[in-house]
Amino acid sequence: MKRKIAILGSTGSIGTQTLDVIRQHRDLFEVELLSARSSTGLLIRQALEFDAAHVVICDEMRYQEVADALQPHGTKVWAGVDSLCDLAGMDGVDIVVGAMVGFSGLRPTLAALRAGKVVALANKETLVAAGSVVTRTAREHGGVILPVDSEHSAIFQCLLAAGENPVERVHLTASGGPFRTWERQRIAGATAAQALKHPNWDMGAKVTIDSATMMNKGFEVIEARWLFDLKPEQIHVVIHPESVIHSMVEFVDGAVIAQLGCPDMREPIGFALSFPQRLTVGNKKLDFAALGGLSFEEPDMSRFPCLGLAFEALRRGGNAPCALNAANEVAVAAYLKDLISFYDIAKIGERALSGLNFAADPSLDDIFETNREVAAIADGYIH
Ligand code: MG
């Protein structure tokens with residue numbers, strides 16, 4: 001039996017790499033649904049290549065173009081995020097790949113979990129903004145979240161070897177991004193073009209900027225809290241510039257289990273799609289002698305204040321991570337347009353936390369309200 005896959009966000013970095021894994025294993029997988037926000041050309045090509053049964057274009061203005069190209073081939077074409085939410089939970093889909101960027105992925109992810117689907121989740125902002133709601137929804141409806149983020153896939157893989165033993169700590173590795181060795185003053189003047197040059201990972205623009213500020217690692221700390229039910233003090237971030245160890249789990253006896261590999265997102269994607277089996281995914285294999293050594297450093301919170309902000313948001317809990325995420329989405333979009341400077345991203349996040357209308361146990365409505373409110377305020381700082 002082929003596994004039927006729905007990809008929410010098929011034209012982005014994770015979406016295209018997911019399709020690359022599927023392309024190598026057409027005997028194992030079938031593409032049931034593809035969706036994109038606005039990249040019609042690529043979406044149409046993907047739907048034709050993989051003979052997708054359903055396609056959703058979220059930007060409703062672009063519906064006709066997609067419909068004209070695909071309906072003659074028998075593909076059902078839909079428009080808008082509401083359609084995506086309806087289809088994310090449809091019968092016949094075995095795995096929903098959550099590859100959308102940012103808060104926009106929350107509603108479709110919840111719809112899939114409510115339908116009891118297996119969600120291979122790359123869209124970390126969903127867990128950052130609404131971790132308690134998302135994990136509760138999964139529990140109540142029999143939905144399963146499999147991590148696609150490389151660090152969390154690594155922890156998940158390490159835990160398979162843990163048996164019943166409780167986790168003492170996890171060590172989330174971080175490459176340190178393109179500015180790891182830069183002085184603070186030089187970082188302050190860094191442009192988006194410089195921040196987009198990630199040394200190890202090939203990723204979309206949003207997550208690459210988040211990697212440069214280390215907000216990405218901060219969000220991954222929050223993501224780990226929800227995926228593995230950890231306390232903030234159990235999550236340790238260590239800089240590991242080679243990105244070979246994808247993360248580690250430590251036990252009470254000091255034993256540490258690590259997961260290693262060449263940095264290539266197709267490995268965690270493949271593992272989530274085929275779990276518990278492993279697949280060939282066309283990546284490079286590690287050559288330890290050629291590597292020579294692996295190095296580690298403590299993260300520097302003064303040069304990368306976003307990491308500290310994320311820890312603060314996690315400790316405060318409630319809707320604080322949602323607020324930080326909302327402010328960050330607005331700030332990163334502005335930074336990508338050269339409207340603000342690098343450290344303005346952290347300043348905008350800091351203001352979101354200090355001015356927060358705190359809700360200790362936010363409902364889904366509270367989460368949407370926080371997101372809307374904080375994004376509007378952050379937007380006000382910029383324009
Ligand atoms: Mg990651």
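Since the structure is predicted, the reported quantities are computational estimates derived from the model, not experimental observations. (Residues numbered from 1 in each chain as written. Predicted model: local features only at pLDDT ≥ 70, side-chain atom pairs only at ≥ 80, totals over all residues. Heavy atoms only, no water.)

**Some words on the overall build of the protein**
- Across its full length, the protein holds 17 helices and 11 strands.
- The C-alpha radius of gyration of the protein comes to 20 Å, within 12% of the 21 Å expected for a compact globule of 383 residues.
- In terms of its C-alpha atoms, the protein occupies a principal-axis envelope of roughly 55 × 50 × 40 Å.
- Taken over 383 residues, the protein has a buried fraction of 56%.
- Taking all contacts inside the protein whose residues are at least 6 apart in sequence as the whole, residues at least 24 apart take part in 68%.
- Summed over its atoms, the accessible surface of the protein is roughly 16,100 Å², and 51% of this surface lies on carbon and sulfur atoms. (Helix = DSSP H or I, 4+ residues; strand = E, 2+ residues; numbered from the N terminus. Rg over C-alpha atoms; globule rule 2.2 N^0.38 Å. Buried < 20%, exposed > 50% of the residue type's maximum accessible area, 1.4 Å probe, protein only. Contact = heavy atoms within 4.5 Å. Areas by Shrake-Rupley, 256 points an atom, 1.4 Å probe, with all protein chains shown as cover.)

**A closer look at unusual backbone geometry**
- The residue after Phe275, namely Pro276, is reached through a cis peptide bond having omega 5°.
- Locating Pro276 in the fold gives a position in the loop between α12 (266-274) and α13 (288-291).
- Here the phi dihedral of Ser243 falls at roughly 55°; this positive angle occurs in a residue that is not glycine.
- Note on placement: Ser243 falls in the loop between β9 (235-239) and β10 (245-250).
- Phi at Asp338 is positive, roughly 60°, even though this residue is not glycine.
- Its place among the elements puts Asp338 in the loop between α15 (320-336) and α16 (342-354).

**Regarding the sheet that holds strand β2 (residues 29-36)**
- With parallel pairing, the 7 strands of this open sheet are ordered in space as β4-β3-β2-β1-β5-β6-β7. At either margin of the open sheet sits one strand with a lone partner, and together these are β4 (76-79) and β7 (144-147). Across this sheet, the average inter-strand angle for adjacent strands is 20°, counted without regard to direction.
- In this structure, strand β5 (residues 95-98) lies alongside strand β6 (residues 118-121), joined through 4 bridges in parallel fashion. If you follow Val97 over to β6, its bridge partner there is Ala120.
- Those strands touched by helix α5 (residues 106-114) are β1 (3-8), β5, β6 and β7, and its axis lies near 150° from that of β6. (Pairing = 2+ DSSP bridges. Axes fitted to C-alpha atoms, helices over the stretch in contact; angles between N-to-C directions.)

**Focus: the sheet that holds β9**
- Strand order in this open sheet of 4 strands is β9-β8-β10-β11, and the pairing throughout is mixed. Edge positions in the open sheet fall to β9 and β11 (256-260), since each of these has one partner strand only. Neighbour-to-neighbour, the strand axes of this sheet turn through a mean angle of 20°, independent of strand direction.

**Concerning the coordination of the magnesium ion**
- On the protein side, the magnesium ion has Asp149 (OD), Glu151 (OE) and Glu220 (OE) as donor atoms, found 2.0 to 2.2 Å from it.
- Going along the chain, you hit the donors of the magnesium ion in the pattern D-x1-E-x68-E. Within this pair, whereas Asp149 is found in the loop between β7 and α7 (150-159), its partner Glu220 is found in helix α11 (residues 215-228), the two being separated by 71 residues in sequence.
- Residue classification places Glu220 among the buried residues on the basis of a relative accessible area of 1%. (Donors = N, O, S within 2.8 Å, 3.2 Å for Na, K, Ca; no water.)

**A look at the domain arrangement of the protein**
- Each domain of the protein was delimited in the assignment, giving domain 1 (3-147) and domain 2 (151-316).
- Each of domain 1 and domain 2 has a C-alpha centre, and these two points are 25 Å apart.
- Contact with domain 1, which involves 27 residues of that partner, is made by 30 residues of domain 2.
- Each partner contributes to the roughly 2,400 Å² buried at the junction of domain 1 and domain 2, and carbon and sulfur atoms together form 69% of this total.
- Counting across the domain 1 and domain 2 interface gives 3 salt bridges.
- Of the charged contacts, one joins Lys206 and Glu125 as a salt bridge, the two residues approaching to 2.9 Å between their closest N and O atoms.
- Across the domain 1-domain 2 interface, the total number found is 9 residue pairs in polar contact (both at pLDDT 80 or more). (Domains from an automatic or database assignment. Buried area = accessible area lost by both parts, 1.4 Å probe. Salt bridge = Lys/Arg side-chain N within 4 Å of Asp/Glu carboxyl O. Polar contact = N/O pair within 3.5 Å; in protein donor to acceptor, adjacent residues only side chain to side chain.)

**Focus: the side chain of Thr370**
- Tracing the backbone through its elements, the reader meets Thr370 in helix α17 (residues 364-382).
- If sequence neighbours within four positions are ignored, Thr370 has contacts with Asn319, Cys322, Ala323 and Leu356.

**Regarding the nonpolar core**
- Core analysis: the biggest nonpolar cluster contains 94 residues, and Ile22, Leu34, Phe179, Leu273 and Tyr335 have the highest contact counts within it.
- With 10 residues, the single largest contributor to this core is α15.
- Excluding residues within four positions of it along the chain, Leu34 makes contact with Ile7, Ser10, Leu19, Leu43, Gln46, Ala47, Ala52, His54, Val55 and Val56.
- Ranked by size, the runner-up nonpolar core spans 30 residues in total, among them Ala6, Cys85, Leu106 and Ile367. (Core = buried A, V, L, I, M, F, W, Y, C linked by side-chain atoms within 4.5 Å.)

**A look at the pairing of β11**
- Here β10 runs beside β11; their pairing, made up of 5 bridges, is antiparallel. Its bridge partner lying in β11, Ser247 is registered against Gln259.

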